[in-house]
Protein chains: 2
Amino acid sequence: MKLDLFDKYIYIGRRHQLKQNMGQDGLILLLGNEDSSMNYKDNTYLFRQDSSFLYYFGLDVPVLAAIIDTDSGEEVIFGNELTIDDIVWTGTLPTVSEMASMVGVDKTKPYADIARYVHKALTDGRKVHILPPYRPENKIKLAEWFNTSLNDLADHVSLKLTKAVIAQRVIKSPLEVAEMEKAVNISVDMMQAVIKHTRPGIKEYELVAKAHEVAIANDARLGYPAIITTHGQTLHTHYYGNTLQEGRMVLSDIGAENAMHYGGDLTRTFPVGKTFTQEQKELYEVVLNSMDHAIGMLKPGTRYKDIHLAACQKLVEGLKQVGLMKGDAAEAVAAGAHTMFFQCGLGHMLGMDTHDMEDLGEQYVGYTDKLKKETSIFGLKSLRLGRELQAGFVLTIEPGIYIIPELIDRLQAEKMYTEFINYDMLNTYRDFGGIRIEDNFLITDDGYQLLGKYLPKSLKEIEALKN
Amino acid sequence: MKLDLFDKYIYIGRRHQLKQNMGQDGLILLLGNEDSSMNYKDNTYLFRQDSSFLYYFGLDVPVLAAIIDTDSGEEVIFGNELTIDDIVWTGTLPTVSEMASMVGVDKTKPYADIARYVHKALTDGRKVHILPPYRPENKIKLAEWFNTSLNDLADHVSLKLTKAVIAQRVIKSPLEVAEMEKAVNISVDMMQAVIKHTRPGIKEYELVAKAHEVAIANDARLGYPAIITTHGQTLHTHYYGNTLQEGRMVLSDIGAENAMHYGGDLTRTFPVGKTFTQEQKELYEVVLNSMDHAIGMLKPGTRYKDIHLAACQKLVEGLKQVGLMKGDAAEAVAAGAHTMFFQCGLGHMLGMDTHDMEDLGEQYVGYTDKLKKETSIFGLKSLRLGRELQAGFVLTIEPGIYIIPELIDRLQAEKMYTEFINYDMLNTYRDFGGIRIEDNFLITDDGYQLLGKYLPKSLKEIEALKN
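Only a predicted model underlies this, so the values are computations on that prediction, with no experimental measurement involved.

Helix and strand content of chain A: 16 helices and 17 strands. Relative to its length of 467 residues, chain A is compact, with a C-alpha radius of gyration of 24 Å against a globular reference of 23 Å. Expressed along its principal axes, the backbone C-alpha trace of chain A runs to roughly 70 × 50 × 45 Å. Counting every position in chain A, which comprises 467 residues, the buried fraction comes to 61%. In chain A, the proportion of contacts linking residues at least 24 apart, taken out of those at least 6 apart, comes to 73%. Only carbon and sulfur atoms are counted for the fraction: they give 49% of the accessible area of chain A, which is about 17,200 Å². When the 50 basic and 64 acidic side-chain charges of chain A are each reduced to a single mean position, those positions are 2 Å apart.

What follows is the structure, encoded as structure tokens:
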């Protein structure tokens, strides 16, 4: 078995920087993931290592953990060696110390030693910094090591470490950008295969099959569950049983995660048949104009929240032209009336995680101490990114229009936004579905750069792919 | 969204039978699964419902649980209704009570009510029967509801319920067999696609891609991680990065899990190029003869352990003809010398789980109170099935020959089996790899039936697929 790794000095450098940022302040404990069981313990999902563990220690193997002593500088990787039974069943691997040396760590210990290591540090009155756990098995272990209850475990999470990790991971190095370009390029190939395979009469899952085939055949996987649906109004549907019908559109939101676990995240919306209908074309153009406007605003120093709001205003202006909205566009956005059509945020950070570092907390990744996330305003509460952009950020732009009958019924019954929404016309669009268009961007010193190769997005280009 | 379900009377009947088997003896608590997180909480693997929950309650939706009161006969499904946010993000679903009525249950309650329900029963001195949990999140919940520690949770598992569930699930009904035939047929299509796609120069993962494509395009998934490898000697390898080289073989062990979550489990071993080498042909025939011999023994009343041992003896006889083993075949098997080549068991029960009901305990599924599993003898400790066969069992037959260099080195150094193994010759086979051939069978009243359509397995048939 081969381990995909950057040069060991990359990892040494990242840990050096982390130690600098933390100062002499006790231990940092970074926990790798275990395998996750499907329907019985030994039948497991495809292993996914924790992204922060990958970032600092690179090793893509289950049941590892690492400690960085910020006082002494010592680094230890904890793991168990294979038995002969393991070798018979799952093959050989480098030893733990061989793996450790691949990422520049000299010292290793058996996994079971972590408990003692943590106990001792706590007994000595030292801090043990941990990140917020998101896997239940890791919560169980941490609660045991910290001798606390699962409910109180959150009190032991280190905000200082969380912020230090985010500060590093949020700026992508050229090496990381190169990996992300690979992932986006595979994602583009997946999307082209899906679009070309789309035709009336087949099932959505036949398109999902194509996406997986292209990803896996490129030594990648899907970084998140595919959204490939004729019910594009449902933002994150993972039901694939509908039959494709002439006249409808498919919304496909898919992304490859490459061997190094960097991801792409692309969306296209295209007709089941060879051409869009006139109604579809009109709303598609509204979304595309909003997207292009948002892209044009990408540069260091601009707040993403402002780009989001500008994109929303562009959507409203377009929807007014179509006749679905009315009144003053800026006032409509200020009132939140656009959320009838666009219920979510314009985009998010992208990296090893599709919603990059979501486990560490959106309020720290996408916002700052000064700019807090709105948690109660529909629309803004789903905006995962708001802060000022910096060179090295990688993010998505993904405006959309989603016609959700249940939302129309609810808001109309509550007489919401009556001065901005043309309910009579909107009710004739109840079965329209949804449109989203999404690409990935690197923020550069003076603007932005599209990540990966170009994926057709104009009406003409999309139709050309189908003909 | 559509729920794939049998007729509700199937589930009512199964629960009725379970109540009969348990008698009036308190509550039965069956826990459905939750979504499992990959790299952050909301980025989840493809949901897999618990198989016993599916068997009795059919509902393929996360975060459900059910209680059967064996005294009053009452049945309750616990679950949470969707909010408008859920509908925007993940679409509509039937309400919990609508879902419950689809499987013949009248009463529903919010999920949070389970804790009170269990507390009250325990306070009243009633039993609450649970199955062994295998997911960490379910362990956490159960420990809380039973007011016990995670370490002591095993004491609360009900062996009586475990055995009652096994007694039902182990005999497959005609309806279940029909689902399994569908799953095997998809698995056959997957294998044919993989074999036909195999050629020198490509990567193993390109074959894995084909398997996934065919499964998903048939509204199925892989029931277990694909084993598709040129290192067939590693029984359960999930590394797919090797390049296929002319002269080597590919071992492909793959199975579809269909929409109703019944699975197939097939293995074929075939050349990377168009033909097997002479050496490969010889050992392939040894495995195939062993397999055919074992299949011929399948009938009610025969102990699977005896079939396993007979298959081992056939392997030894074949290996003697090739020259890799020597001495008396029966004595070799009694001494365990065949485990140099065949380290595992001949097969296992198959159903909704690939190793059917492995979560409930192999010692109860594959063995009986009289015939216990050998837990310390290499070879037999990996025999998942030993008991007398009964009509309605579905199982695999999968003999193999695996040349594991690490095992040769270890056993030769220990001077093990020197009277049965020709180490000089064996060391010339160190890079041979492994061969496994596997099909699925239903035990009938008077013998057996191959499940699903025929998948080529003779040398000639396999080579014909490649030409």
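Moving on, there is more to tell.
Turning our attention to the relation of the copies chain A and chain B. Take chain A, turn it by 180°, move it 0.0 Å along the axis, and it overlays chain B with an RMSD of 0.0 Å. Between the two chains, the operation in question is that of a two-fold axis. Here 100% of the contact residues of chain A are again contact residues in chain B; the copies associate through an equivalent surface.

UniProt marks residues 6–139 of chain A with the feature "domain: Aminopeptidase P N-terminal" (unreviewed entry), using the numbering shown here. Helix makes up 38% of residues 6–139 of chain A and strand 19%, with an end-to-end C-alpha separation of 29 Å.

With that settled, the discussion passes to the sheet that holds strand β6 (residues 107–109) of chain B. All names here are of chain B. Spatially, β6-β5-β4-β1-β7 is the arrangement adopted by the 5 strands of the open sheet, whose pairing is mixed. In this open sheet, the two strands that pair with only one neighbour each are β6 and β7 (128–129). Direction of pairing for strand β1 (residues 27–31) relative to β7: parallel, over a ladder of 2 bridges. Residue Ile-28 lies in a different strand from β7, and its bridge partner there is His-129.

What follows is about the pairing of strand β5 (residues 75–78) of chain A. Residues and elements named next belong to chain A. Along β5, one buried face is formed by Glu-75 and Ile-77 and the opposite face, lined by Val-76 and Phe-78, is buried too. Taken together, the 4 bridges between strand β4 (residues 65–69) and β5 define a ladder with antiparallel strand orientation. Paired with Ile-68 across the strands is Glu-75, a residue of β5. Counting the residues in the hairpin turn of β4 and β5 gives 5 residues, including Gly-73, whose phi is positive at 85°. Two strands pair when backbone bridges link them, and β5 and strand β6 (residues 107–109) are joined in this way by 3 bridges, in the parallel orientation. Counted as the bridge partner of Val-76 is Lys-107 from β6.

Throughout the structure, instances matching the rule amount to 17 aromatic pairs over all chains. Seen from their ring centres, A:Phe53 and A:Phe57 are 5.5 Å apart, and the 25° between their planes marks the pair as stacked. Of the two residues, A:Phe53 and A:Phe57 are both situated in helix α2 (residues 51–57); the distance of 4 residues between them amounts to about one turn of the helix. Given a relative accessible area of 0%, A:Phe53 falls into the buried group. Look at B:Phe6 and B:Tyr11: their rings are 6.3 Å apart centre to centre, the planes differ by 35°, and that puts the pair in the tilted class. When its relative accessible area of 10% is taken as the criterion, B:Phe6 is described as buried.

The next point concerns helix α9 (residues 204–217) of chain A. Because an α-helix completes one turn every 3.6 residues, residues spaced three or four positions apart along the sequence face the same direction. For α9(A), with 14 residues, the first-to-last C-alpha span of 20 Å sits near the 20 Å given by 1.5 Å per residue. Here α9(A) lies mainly inside the structure; 11 of its 14 residues are buried. Tucked inside the fold, the buried residues of α9(A) contact α8 (174–197), β8 (221–222), β9 (227–229) and β10 (249–254) of chain A together with α9 (204–217) of chain B. Backbone geometry just downstream of α9(A) places A:Asp219 in the positive-phi region, at approximately 60°.

Here α9(A) crosses α9(B) at 170°, and the two axes come no closer than 8 Å. Here α9(B) runs roughly antiparallel to α9(A), going by the angle between their axes. Here α9(A) contributes A:Tyr205, A:Glu206, A:Val208, A:Ala209, A:Lys210, A:His212, A:Glu213, A:Ile216 and A:Ala217 to the contact with α9(B), which in turn contributes B:Tyr205, B:Glu206, B:Val208, B:Ala209, B:Lys210, B:His212, B:Glu213, B:Ile216 and B:Ala217. Of the residues belonging to the contact of α9(A) with α9(B), the class tally is 10 nonpolar, 2 polar and 6 charged.

With that out of the way, let us pick up the sheet that holds β6(A). Each strand in a sheet pairs with another by means of backbone hydrogen bonds, the pair being arranged parallel or else antiparallel. Residue and element names in this part refer to chain A. Spatially, the 5 strands line up as an open sheet ordered β6-β5-β4-β1-β7, and their pairing is mixed. Lying at the two open borders of the sheet, with one neighbouring strand each, are β6 and β7 (128–129). Its contacts with the sheet place helix α1 (residues 8–22) against β1 (27–31), β4, β5 and β7, and it is angled at close to 50° to β4.

Here B:Ile28 lies in strand β1. With sequence-adjacent residues up to four places away left out, B:Ile28 is seen in contact with B:Leu18, B:Met22, B:Ala66, B:Ile67, B:Ile68, B:Thr70, B:His129 and B:Leu161.

For side chains bearing opposite charge, pairing can occur when the charged atoms are close. Throughout the structure, instances matching the rule amount to 72 salt bridges over all chains. For A:Arg48, the salt bridge is made with A:Glu257, and the minimal N-O distance between the two is 2.8 Å. Of this pair, A:Arg48 sits in the loop between β3 (43–44) and α2 while A:Glu257 sits in strand β11 (residues 256–257), placing them 209 residues apart in sequence. With a relative accessible area of 1%, A:Arg48 lands in the buried category. Residue A:Lys381 is joined to B:Asp85 by a salt bridge in which the shortest nitrogen-to-oxygen separation is 3.0 Å. Pair noted here: A:Lys381 is in the loop between α13 (362–365) and β13 (394–397) and B:Asp85 is in helix α3 (residues 84–90), and the two residues belong to different chains. Residue class for B:Asp85 comes out partly exposed when judged on its relative accessible area of 25%. Overlapping salt bridges bring together A:Arg48, A:Arg169, A:Lys172, A:Arg221, A:Glu257, A:Asp353 and A:Asp356 as one network.

Quick look at the interface of chain A and chain B now. Each partner contributes residues to the interface: chain A has 67 residues there, and chain B has 67 residues. Of the roughly 5,600 Å² buried between chain A and chain B, counting both surfaces, carbon and sulfur atoms make up 63%. Put simply, chain A and chain B have 4 salt bridges between them. Here A:Glu213 and B:Lys210 are joined by a salt bridge, their closest N and O atoms 3.0 Å apart. Put simply, chain A and chain B have 20 residue pairs in polar contact (both at pLDDT 80 or more) between them.

Let's shift gears to the state of the cysteines. Residues and elements named next belong to chain A. Per the stated rule, a full pass over the model turns up 0 disulfides over all chains. Here Cys-344 stays free of any disulfide, with the sulfur of Cys-312 as its closest cysteine sulfur at 9.0 Å. Cys-344 gets classed as buried once you look at its relative accessible area, which sits at 8%.

It is worth spelling out the pairing of strand β16 (residues 439–444) of chain A at this point. Residue and element names in this part refer to chain A. For β16, the buried fraction is high: 6 of the 6 residues fall into the buried class. Residues of β16 alternate between two faces, with Asp-439, Phe-441 and Ile-443 on one and Asn-440, Leu-442 and Thr-444 on the opposite face, all of them buried. Judged from the 4 bridges that link them, β13 and β16 form a sheet pairing that is antiparallel. Looking at β16, one finds that Ile-397 is bridged to Asp-439. Pairing geometry for β16 and strand β17 (residues 447–450), over 4 bridges, is antiparallel. Each residue of the ladder has a partner; that of Ile-443, found in β17, is Tyr-448. Where β16 folds back on β17, the antiparallel hairpin that results is connected by 2 residues.

A few words on the packing of helix α6 (residues 136–145) of chain A against helix α6 (residues 136–145) of chain B. Closest axis-to-axis distance for the α6(A)/α6(B) pair is 7 Å, and the angle between their directions is 55°. The orientation of α6(A) relative to α6(B) falls into the category oblique. Here α6(A) contributes A:Pro136, A:Glu137 and A:Ile140 to the contact with α6(B), which in turn contributes B:Pro136, B:Glu137 and B:Ile140. Split by residue class, the contact of α6(A) with α6(B) holds 4 nonpolar, no polar and 2 charged.

Conventions used here
- Along each chain, the written sequence defines residue order, and numbers are assigned to residues from 1.
- Think of it this way: whatever chain is written first is A, whatever ligand is written first is 1, and the rest follow in order.
- In view of the model being predicted, local features appear only for residues whose pLDDT reaches at least 70, and side-chain atom pairs are presented and counted only at 80 or more, with totals across whole chains, interfaces and linings using the full set of residues.
- Side-chain metrics rest on all non-hydrogen atoms present in the structure, leaving aside hydrogens and water.
- A run of H or I in DSSP counts as a helix once it spans at least four residues, and a run of E counts as a strand once it spans at least two, with each numbered from the N terminus.
- The globule rule is 2.2 Å times the number of residues to the power 0.38, and the radius of gyration it is compared with is taken over C-alpha atoms.
- The rule is simple: take the accessible area with a 1.4 Å probe, protein chains only, and divide by the maximum for that residue type; under 20% is buried, over 50% is exposed, in between is partly exposed.
- In what follows, a contact means two residues having at least one pair of non-hydrogen atoms within 4.5 Å.
- Computed with a 1.4 Å probe, the accessible areas rest on the Shrake-Rupley method; for each residue, only the protein chains presented here act as cover.
- The charged-residue count follows a simple rule in which Lys and Arg add positive charge and Asp and Glu add negative charge, with His and chain termini not counted at all.
- Where a charge lies is defined by one atom per residue type: Lys uses NZ, Arg uses CZ, Asp uses CG and Glu uses CD.
- The atoms used to superpose the copies are C-alpha atoms, taken from residues with pLDDT of at least 70 in both, and the fit is least squares.
- UniProt positions are given in the numbering used here, feature names are shortened, and annotations may be inferred rather than shown by experiment.
- A strand pair is defined by DSSP finding two or more bridges across the two strands.
- Ring pairs are drawn from Phe, Tyr and Trp, using the six-membered ring of Trp, whenever the two centres fall within 6.5 Å, and their geometry is named by plane angle: stacked under 30 degrees, edge-to-face over 60, tilted for the rest.
- How far a helix is expected to stretch is found by multiplying one less than its residue total by 1.5 Å.
- Angular values range over 0 to 180 degrees, each being the angle between N-to-C directions of two axes fitted as lines to C-alpha atoms, with helices fitted over their stretch in contact.
- When describing relative orientation, an angle under 35 degrees is termed roughly parallel and one over 145 degrees roughly antiparallel, while 65 to 115 degrees is termed roughly perpendicular and anything else oblique.
- Three residue categories are used. Nonpolar comprises Ala, Val, Leu, Ile, Met, Phe, Trp, Tyr, Cys and Pro, charged comprises Asp, Glu, Lys and Arg, and polar comprises the others, including Gly.
- Put simply, a salt bridge is a Lys or Arg side-chain nitrogen that is within 4 Å of an Asp or Glu carboxyl oxygen.
- Throughout, buried area stands for the accessible area (probe radius 1.4 Å) lost by two parts on being put together, summed over both.
- Polar contact criterion, stated in full: a pair of N or O atoms within 3.5 Å, where within protein one must be able to donate a hydrogen and the other to accept it, and residues adjacent in sequence count only if both atoms are side-chain atoms.
- A pair of sulfur atoms, both from cysteines and within 2.5 Å, is called a disulfide here.

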